[in-house]
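A look at the structure
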Amino acid sequence: MSSEVAARRDAKKLVRSPSGLRMVPEHRAFGSPFGLEEPQWVPDKEHHCRRCGKCFCDKCCGQKVPLRRMCFVDPVRQCAECALVSHKEAEFYDKQLKVLLSGATFLVTLGDAEKPETMVCRLSGNQRYLLLEGDSRHEIEITRISAVQVLTEGFQAGEKDSHAYTSLLGSQPVSEGGNARATGMSLQYTAPGAEGTTQLKLTAGEDASASRRQSTAWLVAMHKATKLLYESRDQ
């Protein structure tokens, strides 16, 4: 991809909506898949929540909380229920998103490849693509991922060593739970122009180095990202 195309894909602009200033993609098609649409403005004497769009009295909608998923520059008025959700999501944007953008090293098996390849996997700057970089290079559009499987270790004897596939389109992604540690991840996605799905498997290294810890943190962050992706699709 040329630098000119990449710059156009990541370009943003400042717009003023009735609810406040927003920093949005210059081209709507390149918006973050984790984003939420701003609800329709309700011209009413009561206050309305900028996240759900419902009207409340001042007491029930008095908190001003950052709303990164709608690209607001400043904290905006939200009802108590939505404010709680937005506070929880702040951890993803403040911590886990940075981990995904920084990337981590994995053994990558793409499709029916016989041998895995050591690659750095990271999220693109506009949050729309998984970028795989090694001897070869691949891009996977986040919105084309249909299922995720988190591979873990640390279960007690008799328990399964991995989670079942969870469709992002039909049910909530699984949680890791217990003392299990994420060791890898399998994703199913549809490539442009392809009829069936392709499987991508990421496996963290076996050593206990900083690279392994970084890979584990990346997997946990990606698991959180799939939850937000599911919620955006369900909107």
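Residues numbered from 1 in each chain as written. Predicted model: local features only at pLDDT ≥ 70, side-chain atom pairs only at ≥ 80, totals over all residues. Heavy atoms only, no water.

As annotated in an unreviewed UniProt entry, the protein is Zinc finger FYVE domain-containing protein 21 isoform X2 from Mustela putorius furo.

1. Considerations on the overall build of the protein
Looking only at helices and strands, the protein has 3 helices and 14 strands in total. With 235 residues in all, the protein has 39% of them scored as buried. The long-range share in the protein, meaning contacts at least 24 apart out of those at least 6 apart in sequence, stands at 50%. When the accessible surface of the protein is split by element, carbon and sulfur atoms take 49% of a total near 13,100 Å². (Helix = DSSP H or I, 4+ residues; strand = E, 2+ residues; numbered from the N terminus. Buried < 20%, exposed > 50% of the residue type's maximum accessible area, 1.4 Å probe, protein only. Contact = heavy atoms within 4.5 Å. Areas by Shrake-Rupley, 256 points an atom, 1.4 Å probe, with all protein chains shown as cover.)

2. A word on the pattern of salt bridges
Enumeration according to the criterion identifies 10 salt bridges in this entry. Of the charged contacts in the structure, one is a salt bridge between Asp 58 and Arg 77, with a shortest N-O distance of 3.1 Å. Within this pair, whereas Asp 58 is found in the loop between β4 (55-56) and β5 (63-65), its partner Arg 77 is found in strand β6 (residues 76-78), the two being separated by 19 residues in sequence. Judged by relative accessible area, which is 16%, Arg 77 ranks as buried. The salt bridge involving Arg 122 is made with Glu 133; its shortest N-O contact spans 3.4 Å. Remark: Glu 133 occurs in strand β9 (residues 129-133) and Arg 122 occurs in strand β8 (residues 117-123); sequence separation between them is 11 residues. The exposure class assigned to Arg 122 is partly exposed, which follows from its relative accessible area of 24%. Within the structure, one salt-bridge network assembled from shared partners comprises Arg 122, Glu 133, Arg 137 and Glu 139. (Salt bridge = Lys/Arg side-chain N within 4 Å of Asp/Glu carboxyl O.)

3. So, the pairing of strand β2 (residues 20-25)
Consecutive side chains of a regular strand alternate in pointing toward one face of the sheet and then the other. As paired elements, strand β1 (residues 12-17) and β2 share 6 bridges and run antiparallel to each other. Bridging across to β2, Lys 13 finds its partner in Val 24. Between β1 and β2, which pair antiparallel in sequence order, lie 2 residues. (Pairing = 2+ DSSP bridges.)

4. Here we look at the side chain of Ser 215
Tracing the backbone through its elements, the reader meets Ser 215 in helix α3 (residues 210-234). Classification of Ser 215 as buried rests on a relative accessible area of 0%.

5. Some points on the packing of aromatic side chains
According to the stated counting rule, one finds 3 aromatic pairs in the structure shown. Clustering of aromatic rings is evident, with ring pairs tying together Phe 34, Phe 92 and Tyr 93. (Phe/Tyr/Trp six-rings, centres within 6.5 Å; stacked < 30°, edge-to-face > 60°.)

6. Section: the pairing of strand β14 (residues 198-203)
Relative to β14, strand β7 (residues 104-110) runs antiparallel, the two sharing 4 bridges. Its bridge partner lying in β14, Leu 110 is registered against Leu 200. Sheet topology places strand β13 (residues 181-189) next to β14; 6 bridges connect them, and they run antiparallel. Looking at the pairing, Tyr 189 lines up with Thr 198 of β14.

7. Remarks on the environment of Gln 127
With respect to the helices and strands, the residue Gln 127 is situated in the loop between β8 and β9. Classification of Gln 127 as buried rests on a relative accessible area of 12%. The sequence separation of Gln 127 and Ile 142 amounts to 15 residues, and the corresponding C-alpha distance is 8.0 Å. Reaching out from Gln 127, the side chain makes a polar contact with the side chain of Ser 32 at a distance of 2.6 Å. (Polar contact = N/O pair within 3.5 Å; in protein donor to acceptor, adjacent residues only side chain to side chain.)

8. Here's the deal with unusual backbone geometry
Positive phi, close to 70°, is recorded for Cys 71, a residue that is not glycine. Among the residues examined, Cys 71 registers a relative accessible area of 27% and is labelled partly exposed.

9. Quick word on the nonpolar core
Among the nonpolar cores identified, the biggest contains 32 residues, and Phe 106, Leu 130, Ile 145, Leu 187, Trp 218 and Met 222 are the most heavily contacted of them. Among the elements of the structure, α2 (80-102), β7, β8, β9, β11 (145-153), β13, β14 and α3 are those that each provide at least two residues to this core. Looking at this core, the element that brings in the most residues is α3, giving 7 residues. Among residues more than four places away in sequence, those in contact with Phe 106 are Glu 117, Thr 118, Met 119, Cys 121, Leu 202, Thr 203, Ala 204, Ser 215, Trp 218 and Leu 219. Leu 67, Met 70, Phe 72 and Val 76 belong to the second-largest nonpolar core, a separate cluster that totals 5 residues. (Core = buried A, V, L, I, M, F, W, Y, C linked by side-chain atoms within 4.5 Å.)

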